[in-house]
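Coordinate analysis (summary)
The chain contents come next:
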Amino acid sequence: MNILLEFFVVTFRVLWAFVLAAAKWLVRPKEKSVAGQVCLITGAGSGLGRLFALEFARRRALLVLWDINTQSNEETAGMVQHIYREMAEEAAAVAGDGEKDVLPHCNLQVYTYTCDVGKRENVYLTAERVRKEVGEVSVLVNNAGVVSGHHLLECPDELIERTMMVNCHAHFWTTKAFLPKMLEMNHGHIVTVASSLGLFSTAGVEDYCASKFGAVGFHESLSHELKAAEKDGIKTTLVCPYLVDTGMFRGCRIRKEIEPFLPPLKPEYCVKQAMRAILTDQPMICTPRLMYMVTFMKSILPFEAVVCMYRFLGADKCMYPFIAQRKQATNNNEAKNGI
């Protein structure tokens, strides 16, 4: 009798979850404040990582930027400092007019660390420096990513391992480094920047798809573990964008008749959508929304039906032009260097 009662309760809660999800589509939830909180972003030197840094800076977060490229990371830090200075000048102007400043104030700073997230020891050592020099991290954005750009049989084992280490394994190391304090305080937010290729795959980028599938699996399991531990103060957000126009997959093409309806995403649009999801504690965000439908259809259709759809869209070999460009660039560099 108890299990029957629980079944009806669970059914009601599932239906209620649908109602709440629909309500959020109609009424935009209020965004939470991250002012003064320590936000760590991996891969902050370029692409989405840089844009995430600028968005969090505009919301008065204290930034910790990790990247393997010191110069590009410092460039991002300079942009963040420029935003901080502008906000300080605006606050001073408001104070000079005798108006009450409703925005919280803190000593906004940006810290940069050169870190190879694909190396476990490097992650743990850098994390310890962050705790000593900055403080405990409240928002962790696992964004760093790489792509090899080779067909499976042409891809050196070292590049496959590198892709898995940076795109997937690094999430384990960074989370293990900063989650303990989040659990102690029952406060924090972990963001996993994955990809639509972590939900469905395509030919030619087996290592990249595997790494992103792994990141998605890690994130979902972690989210369930936090729920099981009743740590509801720690939020998680999974970000799965379609092809983003950052140059990472330059040359990738779907069918030309379909391309106008599904063009590469502008990085700024992608990050703004992701920020809205993060600040409203949305568990997952796919951009564009059509990706939800593609994922659903892939789950229910027979494999041969999925293959037919891929071929119609030109998605089955969409990475081949990208791989060809990477191969040509590699050959040109080797010839230039006399290899």
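Relevant structure appears above.
Structural notes, computed from the coordinates. (Residues numbered from 1 in each chain as written. Predicted model: local features only at pLDDT ≥ 70, side-chain atom pairs only at ≥ 80, totals over all residues. Heavy atoms only, no water.)

**Things to note about a nonpolar patch on the surface**
The grouping of Ile3, Leu4, Phe7 and Phe8 at the surface amounts to a nonpolar patch, some 480 Å² of accessible area in total. Considering the arrangement of structural elements, one finds Phe7 in helix α1 (residues 2-26). (Patch = residues over 30% accessible without salt bridge, like charges linked within 9 Å, V, L, I, M, F, W, Y side chains within 5 Å. Areas by Shrake-Rupley, 256 points an atom, 1.4 Å probe, with all protein chains shown as cover. Salt bridge = Lys/Arg side-chain N within 4 Å of Asp/Glu carboxyl O. Helix = DSSP H or I, 4+ residues; strand = E, 2+ residues; numbered from the N terminus.)

**Some details on the sheet that holds strand β1 (residues 38-42)**
Strand order in this open sheet of 7 strands is β3-β2-β1-β4-β5-β6-β7, and the pairing throughout is parallel. For this open sheet the edge positions go to β3 (110-114) and β7 (284-287), each flanked by a neighbour on one side alone. Sheet twist, expressed as the average angle between the axes of neighbouring strands with direction ignored, equals 15°. The pairing of β1 with strand β4 (residues 139-142) spans 3 bridges and is parallel. Within β4, the residue paired with Leu40 across the bridge is Leu140. Of the strands in this sheet, β1, β2 (62-67), β4 and β5 (188-193) are in contact with helix α2 (residues 47-58), which crosses β1 at around 170°. (Pairing = 2+ DSSP bridges. Axes fitted to C-alpha atoms, helices over the stretch in contact; angles between N-to-C directions. Contact = heavy atoms within 4.5 Å.)

**Let's talk about the nonpolar core**
In terms of nonpolar packing, the biggest core is built from 35 residues, with Ile41, Phe52, Phe56, Leu63 and Val141 touching the most fellow members. Elements with a minimum of two residues in this core: β1, α2, β2, α3 (70-96), β4, β5 and α7 (267-279). Discounting chain neighbours no more than four positions away, the residues touching Phe52 are Ile41, Val141, Asn143, Val193, Val271, Ala274, Met275 and Ile278. Counting 28 residues, the second largest nonpolar core, distinct from the first, contains Leu197, Leu199, Phe200 and Tyr310. (Core = buried A, V, L, I, M, F, W, Y, C linked by side-chain atoms within 4.5 Å. Buried < 20%, exposed > 50% of the residue type's maximum accessible area, 1.4 Å probe, protein only.)

**Here we look at the environment of Gly247**
Of note, Gly247 is situated in the loop between β6 (234-241) and α7. Through-space distance from the C-alpha of Gly247 to that of Ala315 is 18 Å; in sequence the pair is 68 residues apart.

**Details of the environment of Gly233**
Within the secondary structure, Gly233 is located in the loop between α6 (206-228) and β6. C-alpha separation for the pair Gly233 and Phe218, spaced 15 residues apart in sequence, amounts to 19 Å. The contacts of Gly233, once residues within four sequence positions are left out, are Asn186, His187 and Gly188.

**Regarding the packing of helix α5 (residues 157-185) against α6**
Orientation of α5 relative to α6, taken along the N-to-C sense of each, is 15°, at an axis distance of 8 Å. Classed by the angle they form, the pair α5 and α6 counts as roughly parallel. Relative to α6, α5 is oriented so that their crossing is right-handed. Every residue of α6 that contacts α5 at Leu159, Ile160, Thr163, Met164, Asn167, Cys168, His171, Phe172, Thr175, Leu179 and Leu183 is listed here: Asp207, Tyr208, Ala210, Ser211, Lys212, Gly214, Ala215, Phe218, Leu222 and Leu226. Here the residues of the contact of α5 with α6 are counted per class, giving 13 nonpolar, 6 polar and 2 charged. (Parallel < 35°, antiparallel > 145°, perpendicular 65-115°, else oblique. Left-handed = near helix turned anticlockwise from the far one by under 90°. Nonpolar A, V, L, I, M, F, W, Y, C, P; charged D, E, K, R; others polar.)

**Some thoughts on the packing of α2 against α7**
Following both chains from N to C, one finds α2 and α7 inclined at 50°, their axes separated by 10 Å at the closest point. If you check the angle between α2 and α7, you find them oblique. Here α2 and α7 pass one another in a crossing that is right-handed. Every residue of α7 that contacts α2 at Leu48, Leu51, Phe52, Glu55 and Phe56 is listed here: Pro267, Glu268, Cys270, Val271, Lys272, Ala274, Met275 and Ile278. Of the residues belonging to the contact of α2 with α7, the class tally is 10 nonpolar, no polar and 3 charged.

**A few points about the pairing of β2**
Counting buried positions along β2 yields 6 of 6 residues, so the element is predominantly enclosed. Side chains of β2 alternate between two faces, with Leu62, Val64 and Trp66 and Leu63, Leu65 and Asp67 buried alike. As paired strands, β1 and β2 are joined by 5 bridges and run parallel to one another. The residue of β2 that forms the bridge with Val38 is Leu62. Between the parallel pair β1 and β2, the chain is carried across by α2, and the sense of this crossover is right-handed. Here 5 bridges tie β2 to β3, and the two strands are oriented parallel to one another. Following the sheet pairing, Leu65 is matched in β3 by Thr112. (Right-handed = clockwise from strand over helix to strand, strands pointing away.)

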